[in-house]
There are 2 protein chains.
Amino acid sequence: MNKLKQGFTQIYTGNGKGKTTAALGQAVRAAGNGFRSYILMLMKEFPYNEVSALSALKDFITIEQVGKDDYVYRKELPPQEEIDKVKLALERAKQNMLSGNYELIILDEVLVATYFGLITAEDILPLINEKPFDVELILTGRYCPEELIDKADLVTEMKEVKHYYKKGILARRGIES
Amino acid sequence: MNKLKQGFTQIYTGNGKGKTTAALGQAVRAAGNGFRSYILMLMKEFPYNEVSALSALKDFITIEQVGKDDYVYRKELPPQEEIDKVKLALERAKQNMLSGNYELIILDEVLVATYFGLITAEDILPLINEKPFDVELILTGRYCPEELIDKADLVTEMKEVKHYYKKGILARRGIES
(Lines give C-alpha, C1' and ligand atoms only; values in the text may rest on other atoms or scores of the structure.)
Protein backbone atom coordinates (compact mmCIF):
# COMPACT_ATOMS: atom_id res chain seq x y z
CA MET A 1 0.00 0.00 0.00
CA ASN A 2 1.35 3.42 -0.94
CA LYS A 3 1.57 5.89 1.92
CA LEU A 4 1.46 9.66 1.72
CA LYS A 5 4.74 11.01 3.08
CA GLN A 6 3.39 14.32 4.27
CA GLY A 7 -0.22 15.44 4.36
CA PHE A 8 -1.55 18.98 4.63
CA THR A 9 -4.81 20.73 5.34
CA GLN A 10 -6.28 22.26 2.21
CA ILE A 11 -9.21 24.65 1.88
CA TYR A 12 -11.20 25.37 -1.29
CA THR A 13 -13.48 28.34 -0.71
CA GLY A 14 -14.89 31.36 -2.57
CA ASN A 15 -18.00 32.13 -4.60
CA GLY A 16 -16.75 30.51 -7.81
CA LYS A 17 -17.21 27.14 -9.42
CA GLY A 18 -14.94 24.13 -8.92
CA LYS A 19 -14.62 23.68 -5.15
CA THR A 20 -16.34 20.27 -4.93
CA THR A 21 -15.13 19.10 -8.33
CA ALA A 22 -11.52 20.01 -7.44
CA ALA A 23 -11.82 17.89 -4.29
CA LEU A 24 -13.31 14.99 -6.28
CA GLY A 25 -10.61 15.29 -8.93
CA GLN A 26 -8.04 15.22 -6.14
CA ALA A 27 -9.54 11.94 -4.86
CA VAL A 28 -9.35 10.49 -8.39
CA ARG A 29 -5.70 11.54 -8.77
CA ALA A 30 -4.94 10.08 -5.33
CA ALA A 31 -6.66 6.80 -6.32
CA GLY A 32 -4.34 6.62 -9.32
CA ASN A 33 -1.48 6.52 -6.85
CA GLY A 34 -3.16 3.86 -4.70
CA PHE A 35 -4.30 6.31 -2.01
CA ARG A 36 -7.68 5.76 -0.37
CA SER A 37 -10.09 8.63 0.19
CA TYR A 38 -13.03 9.09 2.50
CA ILE A 39 -15.42 11.80 1.32
CA LEU A 40 -18.11 13.23 3.58
CA MET A 41 -20.58 15.32 1.58
CA LEU A 42 -22.69 17.57 3.79
CA MET A 43 -26.05 19.14 2.91
CA LYS A 44 -26.36 16.90 -0.18
CA GLU A 45 -28.68 14.10 0.91
CA PHE A 46 -29.92 13.18 -2.53
CA PRO A 47 -28.27 11.28 -5.34
CA TYR A 48 -25.51 13.35 -6.87
CA ASN A 49 -24.12 12.15 -10.16
CA GLU A 50 -20.54 12.02 -8.95
CA VAL A 51 -21.44 9.37 -6.39
CA SER A 52 -22.57 6.81 -8.96
CA ALA A 53 -19.56 7.54 -11.20
CA LEU A 54 -17.10 7.21 -8.34
CA SER A 55 -18.48 3.74 -7.52
CA ALA A 56 -16.19 2.64 -10.37
CA LEU A 57 -13.34 3.52 -7.99
CA LYS A 58 -14.96 2.06 -4.86
CA ASP A 59 -11.78 0.21 -3.85
CA PHE A 60 -10.20 3.62 -3.31
CA ILE A 61 -12.98 6.10 -2.72
CA THR A 62 -15.63 5.87 0.01
CA ILE A 63 -18.43 8.47 -0.05
CA GLU A 64 -20.99 9.29 2.62
CA GLN A 65 -23.73 11.86 2.06
CA VAL A 66 -25.26 13.43 5.15
CA GLY A 67 -27.84 16.15 5.67
CA LYS A 68 -30.38 18.13 3.72
CA ASP A 69 -30.33 21.74 2.62
CA ASP A 70 -34.04 22.48 2.07
CA TYR A 71 -34.22 24.81 5.12
CA VAL A 72 -31.65 27.04 3.38
CA TYR A 73 -34.08 27.63 0.52
CA ARG A 74 -36.92 28.24 3.01
CA LYS A 75 -34.61 30.78 4.69
CA GLU A 76 -35.02 28.96 8.01
CA LEU A 77 -32.50 27.93 10.64
CA PRO A 78 -31.51 24.25 10.41
CA PRO A 79 -33.67 21.90 12.51
CA GLN A 80 -31.96 20.28 15.52
CA GLU A 81 -32.21 16.90 13.78
CA GLU A 82 -29.97 18.19 10.96
CA ILE A 83 -27.50 19.71 13.39
CA ASP A 84 -27.23 16.39 15.26
CA LYS A 85 -26.76 14.43 12.04
CA VAL A 86 -23.93 16.67 10.85
CA LYS A 87 -22.14 16.68 14.23
CA LEU A 88 -22.28 12.86 14.36
CA ALA A 89 -21.01 12.67 10.77
CA LEU A 90 -18.07 14.94 11.62
CA GLU A 91 -17.23 12.65 14.53
CA ARG A 92 -17.31 9.62 12.20
CA ALA A 93 -15.10 11.50 9.73
CA LYS A 94 -12.62 12.16 12.55
CA GLN A 95 -12.56 8.46 13.45
CA ASN A 96 -11.97 7.62 9.78
CA MET A 97 -9.17 10.19 9.67
CA LEU A 98 -7.51 8.59 12.69
CA SER A 99 -8.11 4.99 11.55
CA GLY A 100 -5.09 4.68 9.25
CA ASN A 101 -7.43 3.46 6.48
CA TYR A 102 -7.36 6.66 4.43
CA GLU A 103 -4.68 8.92 2.99
CA LEU A 104 -7.21 11.61 2.02
CA ILE A 105 -10.18 12.93 4.00
CA ILE A 106 -12.54 15.32 2.19
CA LEU A 107 -15.19 17.26 4.08
CA ASP A 108 -17.26 18.67 1.25
CA GLU A 109 -19.34 21.80 2.03
CA VAL A 110 -18.23 21.69 5.65
CA LEU A 111 -17.33 25.39 5.47
CA VAL A 112 -20.71 26.57 4.22
CA ALA A 113 -22.26 24.41 6.98
CA THR A 114 -20.76 26.86 9.47
CA TYR A 115 -22.42 29.75 7.66
CA PHE A 116 -25.85 28.10 7.86
CA GLY A 117 -25.50 27.35 11.57
CA LEU A 118 -25.19 23.56 11.40
CA ILE A 119 -21.79 23.61 13.05
CA THR A 120 -19.19 26.17 14.12
CA ALA A 121 -15.51 26.56 13.30
CA GLU A 122 -14.86 25.02 16.74
CA ASP A 123 -16.45 21.76 15.54
CA ILE A 124 -13.97 21.59 12.65
CA LEU A 125 -10.81 22.67 14.49
CA PRO A 126 -10.30 19.29 16.24
CA LEU A 127 -10.07 17.60 12.82
CA ILE A 128 -7.32 20.01 11.75
CA ASN A 129 -5.54 19.81 15.09
CA GLU A 130 -5.61 16.00 15.31
CA LYS A 131 -4.84 15.33 11.63
CA PRO A 132 -2.16 12.64 11.38
CA PHE A 133 1.04 13.77 9.64
CA ASP A 134 0.49 11.37 6.72
CA VAL A 135 -3.14 12.27 5.98
CA GLU A 136 -4.34 15.03 3.65
CA LEU A 137 -7.46 16.87 4.85
CA ILE A 138 -9.53 18.89 2.36
CA LEU A 139 -12.31 21.26 3.43
CA THR A 140 -14.61 22.87 0.85
CA GLY A 141 -17.39 25.44 0.82
CA ARG A 142 -18.10 29.14 0.62
CA TYR A 143 -17.72 31.47 3.56
CA CYS A 144 -14.66 29.96 5.21
CA PRO A 145 -14.27 31.22 8.80
CA GLU A 146 -11.05 33.21 9.28
CA GLU A 147 -9.75 30.97 12.10
CA LEU A 148 -9.76 27.97 9.74
CA ILE A 149 -7.82 29.89 7.10
CA ASP A 150 -5.23 30.64 9.77
CA LYS A 151 -4.92 26.92 10.56
CA ALA A 152 -4.78 25.56 6.99
CA ASP A 153 -1.60 24.94 4.99
CA LEU A 154 -3.09 25.67 1.59
CA VAL A 155 -6.03 27.92 0.85
CA THR A 156 -7.41 28.49 -2.64
CA GLU A 157 -10.19 30.93 -3.38
CA MET A 158 -12.35 29.99 -6.35
CA LYS A 159 -13.33 33.44 -7.54
CA GLU A 160 -16.21 33.97 -9.92
CA VAL A 161 -15.06 36.24 -12.73
CA LYS A 162 -17.95 35.59 -15.12
CA HIS A 163 -20.96 33.29 -14.78
CA TYR A 164 -23.82 32.33 -17.05
CA TYR A 165 -26.09 31.86 -13.98
CA LYS A 166 -26.28 35.60 -14.24
CA LYS A 167 -27.94 35.08 -17.63
CA GLY A 168 -30.82 33.25 -15.92
CA ILE A 169 -29.70 29.67 -16.56
CA LEU A 170 -30.45 27.14 -13.81
CA ALA A 171 -28.06 24.43 -12.58
CA ARG A 172 -27.66 21.75 -15.24
CA ARG A 173 -27.79 18.03 -14.48
CA GLY A 174 -24.42 16.34 -15.07
CA ILE A 175 -22.58 19.66 -14.99
CA GLU A 176 -23.55 21.56 -11.84
CA SER A 177 -25.24 18.66 -10.03
CA MET B 1 -27.85 8.15 -24.34
CA ASN B 2 -28.30 11.28 -22.21
CA LYS B 3 -27.74 14.53 -24.03
CA LEU B 4 -26.65 17.84 -22.55
CA LYS B 5 -29.40 20.38 -23.21
CA GLN B 6 -27.19 23.43 -23.26
CA GLY B 7 -23.41 23.53 -23.13
CA PHE B 8 -21.19 26.48 -22.24
CA THR B 9 -17.55 27.46 -22.48
CA GLN B 10 -15.87 27.39 -19.08
CA ILE B 11 -12.45 28.69 -18.09
CA TYR B 12 -10.48 27.73 -14.97
CA THR B 13 -7.47 30.01 -14.62
CA GLY B 14 -5.42 31.74 -11.91
CA ASN B 15 -2.31 30.93 -9.88
CA GLY B 16 -4.11 28.70 -7.36
CA LYS B 17 -4.59 24.97 -7.02
CA GLY B 18 -7.54 23.02 -8.40
CA LYS B 19 -7.78 23.97 -12.09
CA THR B 20 -7.01 20.54 -13.55
CA THR B 21 -8.65 18.63 -10.70
CA ALA B 22 -11.85 20.69 -11.04
CA ALA B 23 -11.98 19.78 -14.74
CA LEU B 24 -11.38 16.10 -13.93
CA GLY B 25 -14.04 16.16 -11.21
CA GLN B 26 -16.39 17.73 -13.73
CA ALA B 27 -15.75 14.82 -16.13
CA VAL B 28 -16.48 12.35 -13.30
CA ARG B 29 -19.73 14.11 -12.41
CA ALA B 30 -20.69 14.17 -16.10
CA ALA B 31 -19.93 10.43 -16.37
CA GLY B 32 -22.35 9.84 -13.50
CA ASN B 33 -25.02 11.34 -15.71
CA GLY B 34 -24.00 9.24 -18.70
CA PHE B 35 -22.14 12.06 -20.46
CA ARG B 36 -18.95 11.23 -22.37
CA SER B 37 -15.86 13.39 -22.03
CA TYR B 38 -12.80 13.84 -24.18
CA ILE B 39 -9.84 15.26 -22.25
CA LEU B 40 -6.77 16.62 -24.02
CA MET B 41 -3.94 17.19 -21.54
CA LEU B 42 -1.22 19.41 -22.96
CA MET B 43 2.38 19.64 -21.75
CA LYS B 44 1.96 16.50 -19.63
CA GLU B 45 3.52 13.74 -21.71
CA PHE B 46 4.33 11.40 -18.86
CA PRO B 47 2.12 9.15 -16.78
CA TYR B 48 -0.07 11.23 -14.49
CA ASN B 49 -1.89 9.38 -11.74
CA GLU B 50 -5.32 10.62 -12.77
CA VAL B 51 -5.00 8.87 -16.12
CA SER B 52 -4.71 5.38 -14.64
CA ALA B 53 -7.52 6.05 -12.14
CA LEU B 54 -9.85 7.36 -14.83
CA SER B 55 -9.39 4.18 -16.85
CA ALA B 56 -12.02 2.80 -14.43
CA LEU B 57 -14.43 5.14 -16.26
CA LYS B 58 -13.10 4.47 -19.76
CA ASP B 59 -16.61 3.98 -21.19
CA PHE B 60 -17.22 7.65 -20.46
CA ILE B 61 -13.86 9.37 -20.29
CA THR B 62 -11.24 9.39 -23.06
CA ILE B 63 -7.87 10.99 -22.26
CA GLU B 64 -5.08 11.99 -24.59
CA GLN B 65 -1.78 13.40 -23.32
CA VAL B 66 0.25 15.47 -25.77
CA GLY B 67 3.47 17.42 -25.44
CA LYS B 68 6.35 17.88 -23.06
CA ASP B 69 7.19 20.77 -20.78
CA ASP B 70 10.91 20.28 -20.20
CA TYR B 71 11.85 23.37 -22.27
CA VAL B 72 9.89 25.46 -19.75
CA TYR B 73 12.25 24.39 -16.99
CA ARG B 74 15.24 25.04 -19.24
CA LYS B 75 13.75 28.53 -19.86
CA GLU B 76 13.83 27.89 -23.61
CA LEU B 77 11.27 28.51 -26.32
CA PRO B 78 9.35 25.36 -27.30
CA PRO B 79 10.90 23.40 -30.18
CA GLN B 80 8.97 23.41 -33.47
CA GLU B 81 8.23 19.70 -33.00
CA GLU B 82 6.30 20.49 -29.81
CA ILE B 83 4.43 23.34 -31.47
CA ASP B 84 3.39 21.06 -34.34
CA LYS B 85 2.26 18.30 -31.95
CA VAL B 86 0.07 20.67 -29.95
CA LYS B 87 -1.48 22.29 -33.04
CA LEU B 88 -2.34 18.86 -34.46
CA ALA B 89 -3.79 17.79 -31.10
CA LEU B 90 -6.00 20.91 -30.99
CA GLU B 91 -7.26 20.05 -34.46
CA ARG B 92 -8.10 16.50 -33.30
CA ALA B 93 -9.85 17.94 -30.24
CA LYS B 94 -11.94 20.13 -32.54
CA GLN B 95 -12.91 17.11 -34.65
CA ASN B 96 -13.88 15.26 -31.46
CA MET B 97 -15.91 18.27 -30.34
CA LEU B 98 -17.79 18.29 -33.66
CA SER B 99 -18.21 14.49 -33.84
CA GLY B 100 -21.29 14.22 -31.64
CA ASN B 101 -19.50 11.57 -29.56
CA TYR B 102 -18.80 13.78 -26.54
CA GLU B 103 -20.85 16.03 -24.28
CA LEU B 104 -17.77 17.47 -22.59
CA ILE B 105 -14.47 18.56 -24.13
CA ILE B 106 -11.66 19.49 -21.73
CA LEU B 107 -8.50 21.19 -22.98
CA ASP B 108 -6.27 20.96 -19.94
CA GLU B 109 -3.41 23.50 -19.70
CA VAL B 110 -4.35 24.93 -23.09
CA LEU B 111 -4.26 28.45 -21.61
CA VAL B 112 -0.76 28.21 -20.20
CA ALA B 113 0.31 26.77 -23.58
CA THR B 114 -0.38 30.24 -25.03
CA TYR B 115 1.89 31.79 -22.41
CA PHE B 116 4.78 29.48 -23.34
CA GLY B 117 4.42 30.15 -27.06
CA LEU B 118 3.11 26.75 -28.18
CA ILE B 119 -0.09 28.27 -29.54
CA THR B 120 -1.86 31.61 -29.55
CA ALA B 121 -5.35 32.63 -28.48
CA GLU B 122 -6.20 32.60 -32.19
CA ASP B 123 -5.59 28.83 -32.26
CA ILE B 124 -8.16 28.34 -29.48
CA LEU B 125 -10.84 30.76 -30.69
CA PRO B 126 -12.16 28.43 -33.47
CA LEU B 127 -12.97 25.81 -30.82
CA ILE B 128 -15.04 28.33 -28.86
CA ASN B 129 -16.65 29.76 -31.98
CA GLU B 130 -17.57 26.38 -33.48
CA LYS B 131 -18.65 24.72 -30.21
CA PRO B 132 -21.96 22.90 -30.78
CA PHE B 133 -24.83 24.15 -28.61
CA ASP B 134 -25.06 20.86 -26.70
CA VAL B 135 -21.35 20.47 -25.88
CA GLU B 136 -19.56 21.86 -22.81
CA LEU B 137 -16.02 23.12 -23.45
CA ILE B 138 -13.62 23.56 -20.54
CA LEU B 139 -10.26 25.34 -20.86
CA THR B 140 -7.76 25.31 -18.00
CA GLY B 141 -4.41 26.88 -17.22
CA ARG B 142 -2.75 29.99 -15.81
CA TYR B 143 -2.38 33.20 -17.75
CA CYS B 144 -5.65 33.18 -19.68
CA PRO B 145 -5.53 35.66 -22.60
CA GLU B 146 -8.10 38.44 -22.23
CA GLU B 147 -9.79 37.71 -25.57
CA LEU B 148 -10.68 34.20 -24.38
CA ILE B 149 -12.19 35.55 -21.15
CA ASP B 150 -14.35 37.81 -23.29
CA LYS B 151 -15.59 34.81 -25.27
CA ALA B 152 -16.25 32.39 -22.37
CA ASP B 153 -19.57 31.99 -20.55
CA LEU B 154 -18.09 31.09 -17.19
CA VAL B 155 -14.71 32.11 -15.86
CA THR B 156 -13.37 31.07 -12.47
CA GLU B 157 -10.09 32.30 -11.07
CA MET B 158 -8.39 29.88 -8.71
CA LYS B 159 -6.60 32.31 -6.45
CA GLU B 160 -3.79 31.24 -4.18
CA VAL B 161 -4.46 32.61 -0.70
CA LYS B 162 -1.94 30.48 1.19
CA HIS B 163 0.39 27.73 -0.06
CA TYR B 164 2.80 25.35 1.63
CA TYR B 165 5.00 25.37 -1.53
CA LYS B 166 6.17 28.61 -0.01
CA LYS B 167 7.45 26.57 2.91
CA GLY B 168 9.83 24.74 0.55
CA ILE B 169 7.78 21.57 -0.02
CA LEU B 170 7.98 20.02 -3.49
CA ALA B 171 5.02 18.62 -5.45
CA ARG B 172 3.79 15.41 -3.85
CA ARG B 173 2.98 12.26 -5.86
CA GLY B 174 -0.74 11.41 -5.72
CA ILE B 175 -1.63 14.92 -4.59
CA GLU B 176 -0.05 17.45 -6.95
CA SER B 177 0.89 14.99 -9.71
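In the block above lies the structure referred to throughout.
Below: a short report on this structure. Given the structure is predicted, the values throughout are model-derived calculations rather than measurements.

1. Re the overall build of chain A
Then step 1. What chain A contains, in helices and strands, is seven helices and six strands.
Then step 2. When its helices and strands are written in sequence order, chain A yields β-α-β-α-β-α-α-β-α-α-β-α-β.
Then step 3. Reported as C-alpha extents along the three principal axes, the dimensions of chain A are approximately 45 × 30 × 30 Å.
Then step 4. Among the 177 residues that make up chain A, the fraction classed as buried is 59%.
Then step 5. At a minimum sequence separation of 6, the contacts of chain A that also span at least 24 residues come to 77%.
Then step 6. Here chain A displays about 7,400 Å² of accessible surface, and carbon together with sulfur accounts for 52% of that area.
Then step 7. Taken together, the 24 basic and 26 acidic charged side chains of chain A have centroids lying 7 Å from each other.

2. Section: the environment of Leu88(A)
Then step 1. Among the structural elements, Leu88(A) can be located in helix H4 (residues 80-98).
Then step 2. Counting along the chain gives 22 residues from Leu88(A) to Val66(A), while the straight-line C-alpha distance between them is 9.7 Å.

3. Some remarks on a negative patch on the surface
Residue and element names in this part refer to chain A.
Then step 1. Negative charge collects at one region of the surface, where Glu122, Glu146, Glu147 and Asp150 lie side by side.
Then step 2. The element that contributes the greatest number of residues to the negative patch is helix H7 (residues 146-151), accounting for three residues.
Then step 3. You can call Glu122 partly exposed: its relative accessible area is 48%.

4. Section: the pattern of salt bridges
Then step 1. Taken as a whole, this structure holds 28 salt bridges over all chains when the rule is applied.
Then step 2. With a shortest N-O distance of 3.5 Å, Lys94(B) and Glu130(B) are connected by a salt bridge. Of this pair, Lys94(B) sits in helix H4 (residues 80-98) while Glu130(B) sits in the loop between helix H6 (121-129) and strand S5 (136-140), placing them 36 residues apart in sequence.
Then step 3. Here Lys94(B) falls in the buried class, since its relative accessible area comes to 15%.
Then step 4. The class for Glu130(B) is partly exposed, based on a relative accessible area of 38%.
Then step 5. Here the residues in one salt-bridge network are Lys17(A), Arg172(A), Glu176(A) and Glu136(B), joined through shared partners.

5. A look at the pairing of strand S1 (residues 9-13) of chain A
Successive side chains on a regular strand alternate, one facing one side of the sheet and the next facing the other.
Residues and elements named next belong to chain A.
Then step 1. Along S1, five of the five residues are buried, which leaves the element largely enclosed by surrounding structure.
Then step 2. A two-sided burial pattern is seen for S1, the buried positions comprising Thr9, Ile11 and Thr13 on one face and Gln10 and Tyr12 on the other.
Then step 3. Of the pairings in the sheet, the one linking S1 to strand S5 (residues 136-140) comprises four bridges and is parallel in character. Across the sheet, the residue bridging to Ile11 is Leu139, located in S5.

Cut-offs used in this document
- Residues numbered from 1 in each chain as written.
- Chains lettered and ligands numbered in written order.
- Predicted model: local features only at pLDDT ≥ 70, side-chain atom pairs only at ≥ 80, totals over all residues.
- Heavy atoms only, no water.
- Helix = DSSP H or I, 4+ residues; strand = E, 2+ residues; numbered from the N terminus.
- Buried < 20%, exposed > 50% of the residue type's maximum accessible area, 1.4 Å probe, protein only.
- Contact = heavy atoms within 4.5 Å.
- Areas by Shrake-Rupley, 256 points an atom, 1.4 Å probe, with all protein chains shown as cover.
- Lys, Arg positive; Asp, Glu negative; His and termini not counted.
- Charge placed at Lys NZ, Arg CZ, Asp CG, Glu CD.
- Patch = residues over 30% accessible without salt bridge, like charges linked within 9 Å, V, L, I, M, F, W, Y side chains within 5 Å.
- Salt bridge = Lys/Arg side-chain N within 4 Å of Asp/Glu carboxyl O.
- Pairing = 2+ DSSP bridges.

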